[in-house]
There are 2 protein chains.
Amino acid sequence: MRIGVFDSGVGGLTVLGALIKQLPSADYVYLGDTARLPYGSKSQATIARYAVSSARFLVEEGAEFLVIACNTASALALDAIKDAVRVPVLGVIETGANAAQASSKSGDVLVIATDATVTSHAYKASCAERGLRVFEKACPLLVPLVEEGWIEHPVTLDVLRIYLSELMEQSREASLMPDTLVLGCTHYPLLRSQIERTVPELRVIDSAEVTAAQVAIALGDRVRVDGDGVRKFYATDSVEKFKRLGTRFLGEAIECVGLVDLGG
Amino acid sequence: MRIGVFDSGVGGLTVLGALIKQLPSADYVYLGDTARLPYGSKSQATIARYAVSSARFLVEEGAEFLVIACNTASALALDAIKDAVRVPVLGVIETGANAAQASSKSGDVLVIATDATVTSHAYKASCAERGLRVFEKACPLLVPLVEEGWIEHPVTLDVLRIYLSELMEQSREASLMPDTLVLGCTHYPLLRSQIERTVPELRVIDSAEVTAAQVAIALGDRVRVDGDGVRKFYATDSVEKFKRLGTRFLGEAIECVGLVDLGG
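Being a predicted model, the structure only gives us computed values, none of them experimental.

J.: Before we go on, may I ask you to explain the relation of the copies chain B and chain A in this structure?
T.: Two copies of a chain can be linked by a rotation about an axis combined with a shift along that same axis. The two copies are related by a screw motion: chain B maps onto chain A through a turn of 180° and a shift of 0.0 Å along the axis, at an RMSD of 0.0 Å. What we have between these two chains is a two-fold relation. Of the residues that chain B buries at the interface, 95% are likewise interface residues in chain A, meaning the two copies contact each other through the same surface.

This is the structure we're talking about:
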């Protein structure tokens, strides 16, 4: 079984890392569409075009199951991808919403994400379908702080305190009683323990971890259980930067990255 | 006289704002290539292609003088732009280097910029041509802090203290005696006074201001001096975001932004 994992950048490697923990013997092919990121500032038609060409590339590379580890593409291009390829497709927003539904007793859920994901209200819609009330907040400084490597850094802890106290305050004003916080960006799992310390009253849903768990359930015993699978990495630009940043997100060294041209 | 100002995003509006102060009666046409930003992570060939199509658009819109208010394009595409259009072209890196040369008595200059600009070493090369020694430092958190609007914010002041004390320490280790600091990113003029307070021993070169001054000298009396000129704004994506963010960078309201499609 070969699983394709797609993101606009390196963030989706947190999802791949969680998948490797859950299903170490599967083969993986990862594509970071780094030449065309960020998707968040682009129109839905453009995002769908980029995501579909990326998904097709992964299927051509032998992927039999696709994980869309990109919140923007999951929000705005999931149906287009499902129409374009003949393999099962799972997006991080639906897996996050599933996990929020399983976690929340009060039915009130908070989501932190990038500006683009919050503006799309994709988590809100997906959670509302599951009967949850949702309050979303954009936290645009967290991605650059993670990319700077300032994980256990006083500035990052300050920024988390500011964002999360604003979020708690705003959700109280909206009369919500939240018990669950969804990390709606693939960069945020690197800050998970810092976030858990900042808001110990909330159960934190790590979208990488819950996506991996749901892929394992979906695939059942279709994945052989012996040994480690093959892992291939592709990026559409800046292979060196992908290796350097990516290693931090994956949690293990990335030796070889192929450069692929998917057009403009 | 119509002056064209080009950037990959809204940052170049700090240059336009400085130009309007210096030459209020000129006409201006500004293009933010927001659909294809950030340029920094892309290859030189791609950046040159994007910058040339943007420059041609501005000339078709009547620009008789082009200001490349984008550090990445100035570093990697200035010659390609000069080859492609028949109007004079000035880039922010050469204007910053000119100002550093005029300012520095020790001949040792510091530059802060984005990761992409530092990696290109364009300031280093341009300053070296003028006999200056340069130490460059990437400050990747400053752009997102400015875009978050955290200008006079304790977190931003902390981040500036960290970056600038590292920079001073590293330049001392390299045996430099710097007296001048170039703000090598069009977002940084918004933090100018905070930076000046953090390193009062350095003269700060605001690339927006010095570019405007050098454009005024280059144009001499070709700009009529009566009244306010016409100002036109174009973006390649997300016109609403351009207006909202742009107003902060320009220092005055942006009422109307045209959407233009320059291709992929």
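The rest of the description comes next.
J.: Quick question: what am I supposed to make of the packing of helix 1 (residues 13–22) of chain B against helix 12 (residues 239–250) of chain B here?
T.: Describing two packed helices takes the angle between their axes plus the distance from one axis to the other. Residue and element names in this part refer to chain B. Relative to each other, helix 1 and helix 12 sit at 45°, their axes nearing to 8 Å. Classified by the angle between their axes, helix 1 and helix 12 sit oblique to one another. Where helix 1 crosses over helix 12, the handedness of that crossing is right-handed. Where helix 1 approaches helix 12, its residues Leu13, Thr14, Leu16 and Gly17 are matched on the opposing element by Gly246, Phe249 and Leu250. Looking at the contact of helix 1 with helix 12 residue by residue, the class counts come to four nonpolar, three polar and no charged.

J.: Any chance you could explain the interface of chain B and chain A here in plain terms?
T.: Interface size is commonly expressed as the accessible surface area that is lost when the partners come together. Each partner contributes residues to the interface: chain B has 19 residues there, and chain A has 18 residues. When residues of the side of chain B that touches chain A are traced back to their parent elements, those giving at least two are helix 8 (142–147) and helix 9 (154–173) of chain B. When the residues that make up the side of chain B that touches chain A are grouped by side-chain class, the tally is seven nonpolar, six polar and six charged.

J.: Please clarify how the domain arrangement of chain A should be interpreted in this entry.
T.: Residue and element names in this part refer to chain A. Along its sequence, chain A is carved into domain 1 (2–91 + 211–259) and domain 2 (93–207). A C-alpha centroid distance of 22 Å is found between domain 1 and domain 2. Among the secondary structure elements, those contributing two or more residues to the side of domain 1 that touches domain 2 are helix 1 (13–22), helix 3 (71–76), strand 4 (89–91), helix 11 (207–219) and helix 12 (239–250). Broken down by element, the residue count for the side of domain 1 that touches domain 2 peaks at five residues, all from helix 3. Looking at the side of domain 1 that touches domain 2 residue by residue, the classes come out as seven nonpolar, 11 polar and two charged.

The rules behind each value
- Residues numbered from 1 in each chain as written.
- Chains lettered and ligands numbered in written order.
- Predicted model: local features only at pLDDT ≥ 70, side-chain atom pairs only at ≥ 80, totals over all residues.
- Least-squares fit on C-alpha atoms with pLDDT ≥ 70 in both.
- Contact = placed C-beta atoms within 7 Å.
- Axes fitted to C-alpha atoms, helices over the stretch in contact; angles between N-to-C directions.
- Helix = DSSP H or I, 4+ residues; strand = E, 2+ residues; numbered from the N terminus.
- Parallel < 35°, antiparallel > 145°, perpendicular 65-115°, else oblique.
- Left-handed = near helix turned anticlockwise from the far one by under 90°.
- Nonpolar A, V, L, I, M, F, W, Y, C, P; charged D, E, K, R; others polar.
- Domains from an automatic or database assignment.

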